[in-house]
Each structure stands twice: as structure tokens, then as C-alpha cells.
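Below, each chain spelled out in residue letters.
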Amino acid sequence: MKHKIPRKRASSMLNTLQAEEFEMLKKGRQFPEFRAGDSIQIDHLPHMSSNEPEKLRGVVIAKTNRKSDSSVTLLNTEYGVPFVRRIILYSPLVTNVTVLQKKFLTKGKKRVKRAKLYYLMDRRPDTYTVN
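Starting afresh in each chain, residues are numbered from 1 along the sequence in its written order. A pLDDT threshold of at least 70 governs which residues receive local features in this predicted model, and a stricter bar of 80 or more applies before side-chain atom pairs are shown or counted, although totals over entire chains, interfaces and linings include all residues. Side-chain calculation: all heavy atoms of the structure are included, whereas hydrogens and water are not.

Asks: Just to check I follow, could you spell out the overall build of the protein for this structure?
Replies: Where helices and strands are cited, they refer to DSSP runs of H or I of at least four residues and of E of at least two residues respectively, numbered from the N terminus. Summing up its helical and strand segments, the protein has 1 helix and 5 strands in all. Going from N to C terminus, the protein has its helices and strands arranged as α-β-β-β-β-β. Structurally, the protein occupies a C-alpha span of about 65 × 40 × 25 Å along its principal axes. Looking at the protein as a whole, 34% of its 131 residues are labelled buried. We call a residue buried when its accessible area falls under 20% of the maximum for its residue type, exposed when it is over 50%, and partly exposed in between, using a 1.4 Å probe and counting protein chains only.

As C-alpha cells, then:
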């Protein structure tokens, strides 16, 4: 019987641990399907002891799928100042994710053909502002 290389054995054990962690963090949470170019609202607790979540709205400019490290990057303007915020989806601070409008950038006509929309940061704020 051949023995696996220790690096491969450790990698396999790490993958199973990450899968268990992801199932524990998920706890039956289902988020709606969204992609780059959609506008979403995330209810996010500022800290663990707070009762009232803050509502973060914005256009999805990037989405990263990595099990428990899955994250979404939002772009919006508040009080005339553009901001970019990266939020980890399976954090215990995230309570809810709502899709406000699909295909927000094209006003619902056609989908965006890019996975990452970082070029929007160079455009005028009225093109990506979610009210």
C-alpha cells in the first residue's frame, strides 16, 4: 500500500475541515442568486451586541465564491462620496441579502458581460448610485 505525500494528506484534511466549517456557518442560510451588475441590499450588524442592522445598498462589482470565505464587493455613493465595501457573506454579522434589481446598470435590458466591474469606479457616480 502506497502512502500519500504528507503535503497531499494535509491538503486533504484541510479541505474536509473547511467543508465542515462551511456547513456549520451556512446553517441552512440561502441567499438569492445575484451576479455582477445587480443592485442588492445587505442587512449587516455593526457589531455582535447590536440589535438593529444597518442596511448596505449598492451595485455588485465583484463576487468571490470560496465556501466560507465567499464575499461580495459593493459600490455606491452616500452623501455624494463614492465608497467600495467588501462584505463576507457567511459572516455571523450578515442577517439578510435582498436583490433590489437585476441588471441594474443596463436598467434591466441586458446582462453585463464581465465578472468584475472595477471600471465603474472611474465613471460618474450617477451611473452606479442605488437609492
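Picking up where we left off.
Asks: Sorry if this is basic, but what is going on with the side chain of S70 here?
Replies: As for its placement among the helices and strands, S70 is situated in the loop between β2 (54-64) and β3 (71-78). Counting of polar contacts relies on pairs of N or O atoms within 3.5 Å, with two restrictions inside protein: one atom must be capable of donating a hydrogen and the other of accepting it, and residues adjacent in sequence are counted only when both atoms are side-chain atoms. Here K67 takes part through its backbone oxygen, which lies 2.8 Å from a polar atom of the side chain of S70.

Asks: Please clarify how the nonpolar core should be interpreted in this entry.
Replies: Buried Ala, Val, Leu, Ile, Met, Phe, Trp, Tyr and Cys residues that are joined via side-chain atoms within 4.5 Å together make up what is termed a nonpolar core. Ranked by internal contacts, the top residues of the largest apolar core, which has 14 residues, are I40, I42, V72, L74 and V97. Counting only elements with at least two residues in this core, the list comes to β1 (39-44), β2, β3 and β5 (94-101). With sequence-adjacent residues up to four places away left out, V97 is seen in contact with F31, P32, F34, I40, Q41, I42 and L89. Listed in part, the 11 residues of the second largest apolar core include A36, V59, I61 and L105. Residue contacts are counted whenever heavy atoms from the two residues lie within 4.5 Å of one another.

Asks: How should the side chain of S71 be read in this particular structure?
Replies: If you trace the backbone, S71 turns up in strand β3. Polar contacts involving the side chain of S71 include one to the side chain of R86, which spans 3.3 Å. Among all residues touching S71, those that are not within four sequence positions of it are A62, K63, T64, R86, I87, I88 and L89.

Asks: Would you explain the sheet that holds strand β4 (residues 81-88) in this entry?
Replies: The strands making up a sheet are joined through hydrogen bonds of the backbone, oriented either antiparallel or parallel. Overall, antiparallel pairing links the 5 strands, which are arranged β4-β3-β2-β1-β5 in an open sheet. Strand pairing shows two members of the sheet lacking a second neighbour, β4 and β5, which therefore form its edges. On average, each strand axis in the sheet is tilted by 35° relative to the strand beside it, whichever way the strands run. A pair of strands is considered paired only if DSSP assigns at least 2 bridges between the two. Across 6 bridges, the pairing between β1 and β2 is antiparallel. Along β2, the bridge assignment pairs S39 with V59. Note on geometry: axes are C-alpha line fits, over the in-contact stretch for helices, and angles between N-to-C directions span 0 to 180 degrees.

Asks: Quick question: what am I supposed to make of the confidence of the model for the protein here?
Replies: Detailed reading of the predicted model is not advised wherever pLDDT is low. Summary of the metric used: pLDDT quantifies the predictor's per-residue confidence within the range 0 to 100. Summing up the model confidence of the protein, the mean pLDDT is 92 and the portion of residues at 70 or higher is 99%. For the protein, helix α1 (residues 6-26) is the element with the lowest average pLDDT, namely 88, and β1 is the one with the highest, namely 97.

Asks: Can you help me understand a positive patch on the surface in this one?
Replies: Exposure above 30% relative accessible area and the absence of a salt bridge qualify a residue for a patch, where like charges join within 9 Å and nonpolar side chains (Val, Leu, Ile, Met, Phe, Trp, Tyr) within 5 Å. What sets the accessible areas is the Shrake-Rupley method with a 1.4 Å probe; for residues, cover comes only from the shown protein chains. One speaks of a salt bridge when a side-chain nitrogen belonging to Lys or Arg is within 4 Å of a carboxyl oxygen belonging to Asp or Glu. None of His or the chain ends enter the tally, which takes Lys and Arg as positive and Asp and Glu as negative. By convention, the point assigned to a charge is CZ for Arg, NZ for Lys, CD for Glu and CG for Asp. The grouping of R35, K103, K110, R111 and K113 at the surface amounts to a positive patch. Turning to its location among the elements, K110 is positioned in the segment after β5.

Asks: Explanation requested: the environment of P82 in the structure shown.
Replies: Position of P82 among the secondary structure elements: in strand β4. The class of P82 is partly exposed, set by a relative accessible area of 45%. Placed 40 residues apart in sequence, P82 and I42 show a C-alpha to C-alpha distance of 17 Å. Setting aside residues up to four positions removed in sequence, P82 forms contacts with N76, T77 and Y128.

Asks: Can you help me understand unusual backbone geometry in this one?
Replies: Excluding glycine, most residues fall at negative phi; most peptide bonds, likewise, are trans. Even without glycine at this site, Y79 takes up a positive phi of about 55°. Mapped onto the elements of the fold, Y79 is located in the loop between β3 and β4. With phi around 60°, K107 is a residue other than glycine that occupies positive phi space. With respect to the helices, strands and loops of the structure, K107 is situated in the segment after β5.

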